[in-house]
Amino acid sequence: MARMYFAEDSDLGHVTGQTVCIVGYGNQGRSQALNMRDSGLSVIVGSRRDESFDAARRDGFQVLPVGEAVALSDITFFLVPDEVMPQVFERDIAPNLEAGNMVVFASGYNIAFDLIEPPADVDVVMIAPRMIGAGVRDTYLSGEGFPSLVAVHQAATATAFERMLALCEGIGSARMGVIESSFLEEATVDLFAEQVGYLYAVRRYCEVLVEAGCSPEVAMLEFYASGEGIETAKAYRDIGLWDQITLHSRTSQYGQEVTARLSSEEEEAERSRLRTIITHIQDGSFASAWAAEQRAGFPEFVRIREKNMAHEMRAAERKLYEVLGRVPAS
């Protein structure tokens, strides 16, 4: 079992008197900044002049240009989107780091695939919340906390691990527990969850039901539009993937556990497909393809997005959501 750490394993004293800089005052950045400030840590924000700059000011933080904020800090939380991280790091972060500083990543992507090479004399760690930004704040305020994946990629100081755990306590994650991981493992599971094809699978389910004579509205309500799946997902979270099955009817249980099973051949074919996705991630092929797509100006991304937005199932979905009052009538 992966090793876990809790509040009793951490000590805020390891970061007391140190200045924490948040670069990327979005949903995650704002919540983590507020949590650390409420935990008694000294927090400033590095931002360009945009909406996040104004939001941080309204929240009472000292806000400076990114480079200046990093230069004044001992610890930098680097929370901008993965695709812009390398440029921001090279331009604003790296030139302003001092020996013994710490850089905290919330995802493993750029380090795992060598898109960023931090100086050798700084600590490089990962604190990757398994919670959306709003939940990071809400669960801190409720006292519940949230889980995170953590890792020390580079320990330039003798207290890199202890400082990382202290920061986990500061943001509220140590209350529920943090799990020791690695940058590559975090990137693998994160990208894998995005690439298994869930959206396309749900659309296929609806399409074949429509082919069988069902209305698209009924199909979509069954699979996602009613919101019933949210309650099922909560049951997954609260009591477990298979233990929640007893909340369903016997007919449902039989269908989910017996009828839905793949044959041995189908199971192996699906596992082979999934293994290919993991290989594509871990050998760097996806990172290379995504970098090339960005350099080219996102042509394939735009083409596929336009195709999906023009799909007949989306048109039916918009009509249903207008009737349900979720989107304005066109």
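This text follows the structure it describes.
Residues numbered from 1 in each chain as written. Predicted model: local features only at pLDDT ≥ 70, side-chain atom pairs only at ≥ 80, totals over all residues. Heavy atoms only, no water.

1. Quick notes on the overall build of the protein
Along its length, the protein carries 16 helices and nine strands. In terms of its C-alpha atoms, the protein occupies a principal-axis envelope of roughly 65 × 45 × 40 Å. Considering the protein as a whole, with its 330 residues, one finds that 39% of them fall into the buried category. For the protein, restricting intrachain contacts to residue pairs at least 6 apart in sequence, the fraction spanning at least 24 positions comes to 68%. Put simply, the protein shows about 18400 Å² of open surface, and 53% of that area lies on carbon and sulfur atoms. When the 29 positive and 49 negative side-chain charges of the protein are each reduced to one mean point, those points stand 5 Å apart. (Helix = DSSP H or I, 4+ residues; strand = E, 2+ residues; numbered from the N terminus. Buried < 20%, exposed > 50% of the residue type's maximum accessible area, 1.4 Å probe, protein only. Contact = heavy atoms within 4.5 Å. Areas by Shrake-Rupley, 256 points an atom, 1.4 Å probe, with all protein chains shown as cover. Lys, Arg positive; Asp, Glu negative; His and termini not counted. Charge placed at Lys NZ, Arg CZ, Asp CG, Glu CD.)

2. Concerning the pairing of strand S5 (residues 75-78)
Successive residues of a regular strand alternate their side chains across the two faces of the sheet. Every second residue of S5 is oriented toward a common face, with Ile75 and Phe77 on one face and Thr76 and Phe78 on the other, all of them buried. Direction of pairing for strand S2 (residues 19-23) relative to S5: parallel, over a ladder of four bridges. When the bridges of S5 are listed, Val23 appears paired with Phe78. Where S5 meets strand S6 (residues 102-105), four bridges bridge the pair, whose relative direction is parallel. Of the residues in S6, the one forming a bridge with Thr76 is Val103. In this view, the connection linking S5 to its parallel neighbour S6 by way of helix H4 (residues 85-93) has right-handed handedness. (Pairing = 2+ DSSP bridges. Right-handed = clockwise from strand over helix to strand, strands pointing away.)

3. Some points on the side chain of Arg137
Secondary-structure assignment places Arg137 in helix H6 (residues 133-142). At 2.9 Å, the side chain of Arg137 and the side chain of Asp38 are in polar contact. (Polar contact = N/O pair within 3.5 Å; in protein donor to acceptor, adjacent residues only side chain to side chain.)

4. Some thoughts on the pattern of salt bridges
Side-chain pairs of opposite charge can arise whenever the charged atoms involved come near each other. The full count for this structure, using the stated rule, is 13 salt bridges. A salt bridge links Glu186 to Arg130; the shortest N-O distance between them is 3.2 Å. Of the two residues, Glu186 sits in helix H8 (residues 183-195) while Arg130 sits in the loop between strand S7 (123-129) and H6, which places them 56 residues apart along the sequence. For Glu186, a relative accessible area of 2% puts it in the buried group. You can call Arg130 partly exposed: its relative accessible area is 33%. (Salt bridge = Lys/Arg side-chain N within 4 Å of Asp/Glu carboxyl O.)

5. Some details on the environment of Met126
Positionally, Met126 belongs in strand S7. Between the C-alpha atom of Met126 and that of Ile245, which follows or precedes it by 119 residues, the distance is 35 Å. Apart from the residues within four sequence positions on either side, Met126 is in contact with Phe105, Ser107, Gly108, Leu149, Val150, Ala151, Met164, Ser181, Ser182, Phe183 and Glu186.

6. Focus: the sheet that holds strand S3 (residues 42-46)
Ordered in space as S1-S9-S8-S7-S6-S5-S2-S3-S4, the nine strands form an open sheet in which the pairing is mixed. Edge positions in the open sheet fall to strand S1 (4-5) and strand S4 (63-64), since each of these has one partner strand only.

7. Regarding the nonpolar core
Side chains of nonpolar character tend, in soluble globular proteins, to be buried together. Ranked by size, the top nonpolar core spans 36 residues in total, and within it Ile22, Tyr25, Met36, Phe77, Ile127 and Leu167 carry the most contacts. When contributions to this core are tallied by element, the ones reaching two or more residues are S2, helix H1 (27-38), S3, helix H2 (51-58), S5, S6, S7 and helix H7 (160-171). Looking at this core element by element, the count peaks at seven residues for H7. Aside from chain neighbours lying at most four places away, what touches Leu167 is Val15, Val20, Met36, Leu41, Ile75, Phe77, Met102, Val104 and Ile127. Counting 25 residues, the second-largest nonpolar core is a separate cluster that includes Val66, Met85, Val88 and Leu149. (Core = buried A, V, L, I, M, F, W, Y, C linked by side-chain atoms within 4.5 Å.)

8. Points about H4
Among all positions in H4, only Met85, Val88, Phe89, Asp92 and Ile93 are buried. For H4, the arc enclosing every buried residue in end-on projection is 105°, short of the 170-degree limit, so these residues lie on one face. Turned more than 90 degrees from where H4 packs its buried face, Glu90 and Arg91 sit exposed. (Arc of directions from axis to C-beta.)

9. Digging into the pairing of S7
By the criterion of burial, S7 is predominantly enclosed, with seven of the seven residues buried. Burial of S7 is two-sided: the residues Asp123, Val125, Ile127 and Pro129 facing one way and the residues Val124, Met126 and Ala128 facing the other way are all buried. Sheet analysis places S6 next to S7, joined by four bridges and oriented parallel. If you follow Val103 over to S7, its bridge partner there is Val124.

10. A short note on the state of the cysteines
Counted by the stated rule, this structure contains zero disulfides. The thiol of Cys168 is not disulfide-bonded; the next cysteine sulfur, from Cys21, is found 18 Å away. Among the residues examined, Cys168 registers a relative accessible area of 0% and is labelled buried. Cys206 supplies the cysteine sulfur nearest to Cys214, a cysteine that is in no disulfide, at a spacing of 10.0 Å. (Disulfide = S-S within 2.5 Å.)

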